[in-house]
Amino acid sequence: DAGVIQSPRHEVTEMGQEVTLRCKPISGHDYLFWYRQTMMRGLELLIYFNNNVPIDDSGMPEDRFSAKMPNASFSTLKIQPSEPRDSAVYFCASSLNSGGNQPQHFGDGTRLSIL
Amino acid sequence: SQKIEQNSEALNIQEGKTATLTCNYTNYSPAYLQWYRQDPGRGPVFLLLIRENEKEKRKERLKVTFDTTLKQSLFHITASQPADSATYLCASHGSSNTGKLIFGQGTTLQVKP
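Now for a look at the structure at hand.

Criteria and cut-off values
- Residues numbered from 1 in each chain as written.
- Chains lettered and ligands numbered in written order.
- Predicted model: local features only at pLDDT ≥ 70, side-chain atom pairs only at ≥ 80, totals over all residues.
- Heavy atoms only, no water.
- Salt bridge = Lys/Arg side-chain N within 4 Å of Asp/Glu carboxyl O.
- Helix = DSSP H or I, 4+ residues; strand = E, 2+ residues; numbered from the N terminus.
- Buried < 20%, exposed > 50% of the residue type's maximum accessible area, 1.4 Å probe, protein only.
- Pairing = 2+ DSSP bridges.
- Axes fitted to C-alpha atoms, helices over the stretch in contact; angles between N-to-C directions.
- Contact = heavy atoms within 4.5 Å.

**Observations concerning the pattern of salt bridges**
Residue and element names in this part refer to chain A.
So, step 1. Across all of its chains, the model carries 14 salt bridges over all chains by this definition.
So, step 2. Two residues, Arg-85 and Glu-62, come together in a salt bridge whose shortest N-O distance is 3.2 Å. In this pair, Arg-85 sits in the loop between strand S8 (74–79) and strand S9 (88–95) while Glu-62 sits in the loop between strand S6 (53–56) and strand S7 (65–71), placing the two residues 23 residues apart along the sequence.
So, step 3. The class for Arg-85 is exposed, based on a relative accessible area of 56%.
So, step 4. Overall, the relative accessible area of 27% leaves Glu-62 in the partly exposed class.
So, step 5. One continuous salt-bridge network, built from bridges that share partners, spans Glu-62, Arg-64, Glu-83, Arg-85 and Asp-86.

What follows is the structure, given as structure tokens:
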């Protein structure tokens, strides 16, 4: 079975440019999560969706970040304009249901470097 | 605020020994704790889940315990192998028990042959 698919795997761009990260969740999973991982802060939840609807975006750092889920098989995380402090690994994950007893399935991430 | 804390120092052990990793939670009482493995350049992979009313859970060479008095979970790998070298993350939902997970910083395990 295909897991969570993220693209691109690596992105290097200059400060001020728009960055778009993409995610395809596991088919049939109702929940989709976007995380950011850094050495300093670990794995932080940015936003999550249930049935394509954003439920909690309290982790989104600022207005430069936006996320959409136009359908059940695709989501994007956009940063505009990008800044060097946005450099991190961004993960997408999906799960079948909500609740603390549900494992999350992660993609292999996008390593983002803003110069 | 609700926190999950893991020992940030790397754990180095000899092949064949048992590795024990610690996860402490503060300011809430989760009904479940999850453990994940993360290899360099890869996303976390789910390993085990334990419920608060389960004292212990096993899966092959892995064992997880949940002590609600100490507010702690221990993750054991018996007969460790170099292939077990990775970062192990503890996670739990917040007090609202939604799909939102709080992750610890992770503990890096290095098993030496």
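Having seen the model, we can carry on.
**Examining the sheet that holds strand S3 (residues 19–26) of chain B**
Working definition: the strands of a sheet are paired by backbone hydrogen bonds and lie parallel or antiparallel to each other.
All names here are of chain B.
So, step 1. The strand order across the open sheet built from five strands is S1-S3-S8-S7-S6, with neighbouring strands paired in antiparallel fashion. Edge positions in the sheet fall to strand S1 (3–6) and strand S6 (56–59), since each has one partner strand and no second. Strand-to-strand twist across the sheet, computed as the mean angle between neighbouring axes with direction ignored, equals 15°.
So, step 2. When strand S7 (residues 62–67) meets strand S8 (residues 72–77), the two strands line up antiparallel, connected through six bridges. Bridge pairing links Lys-63 to His-76 in S8.

**Looking at unusual backbone geometry**
So, step 1. A:Ser7 connects to A:Pro8 through a cis peptide bond whose omega is -10°.
So, step 2. Its place among the elements puts A:Pro8 in the loop between strand S1 (5–7) and strand S2 (10–13).
So, step 3. Cis geometry marks the peptide bond from A:Gln80 to A:Pro81, where omega comes out at -5°.
So, step 4. Mapped onto the secondary structure, A:Pro81 falls in the loop between S8 and S9.
So, step 5. The phi dihedral of B:Lys71 is positive, around 55°, even though this residue is not glycine.
So, step 6. With respect to the helices and strands, B:Lys71 occurs in the loop between S7 and S8.

**Quick word on the sheet that holds S8(A)**
All names here are of chain A.
So, step 1. Read across the sheet, four strands follow the order S1-S3-S8-S7 without closing on themselves; strand pairing throughout is antiparallel. What marks the edges here is a single partner per strand, and that holds for S1 and S7. The mean inter-strand angle of the sheet, taken between neighbouring strand axes irrespective of direction, is 15°.
So, step 2. Across five bridges, the pairing between strand S3 (residues 19–24) and S8 is antiparallel. When the sheet's bridge partners are listed, Thr-20 is paired in S8 with Lys-78.

**With respect to the pairing of strand S9 (residues 86–93) of chain B**
On any regular strand, side chains alternate: one points to one face of the sheet, the next to the other face.
All names here are of chain B.
So, step 1. Extensive coverage of S9 is indicated by the burial of eight of its eight residues.
So, step 2. A two-sided burial pattern is seen for S9, the buried positions comprising Ala-86, Tyr-88, Cys-90 and Ser-92 on one face and Thr-87, Leu-89, Ala-91 and His-93 on the other.
So, step 3. The pairing of strand S4 (residues 32–38) with S9 spans five bridges and is antiparallel. Looking at the pairing, Tyr-36 lines up with Leu-89 of S9.
So, step 4. Here three bridges tie S9 to strand S10 (residues 101–103), and the two strands are oriented antiparallel to one another. Following the sheet pairing, His-93 is matched in S10 by Leu-101.

**A look at the environment of B:Leu49**
So, step 1. Mapped onto the secondary structure, B:Leu49 falls in strand S5 (residues 45–51).
So, step 2. With relative accessibility at 8%, the residue B:Leu49 sits in the buried group.
So, step 3. C-alpha of B:Leu49 to C-alpha of B:Ala31: the two residues are 18 residues apart in sequence and 10 Å apart in space.
So, step 4. The residues touching B:Leu49, leaving out its near neighbours within four places in the chain, are A:Gly100, A:Asn101, A:Gln102, B:Tyr32, B:Leu33, B:Gln34, B:Glu54 and B:Lys57.

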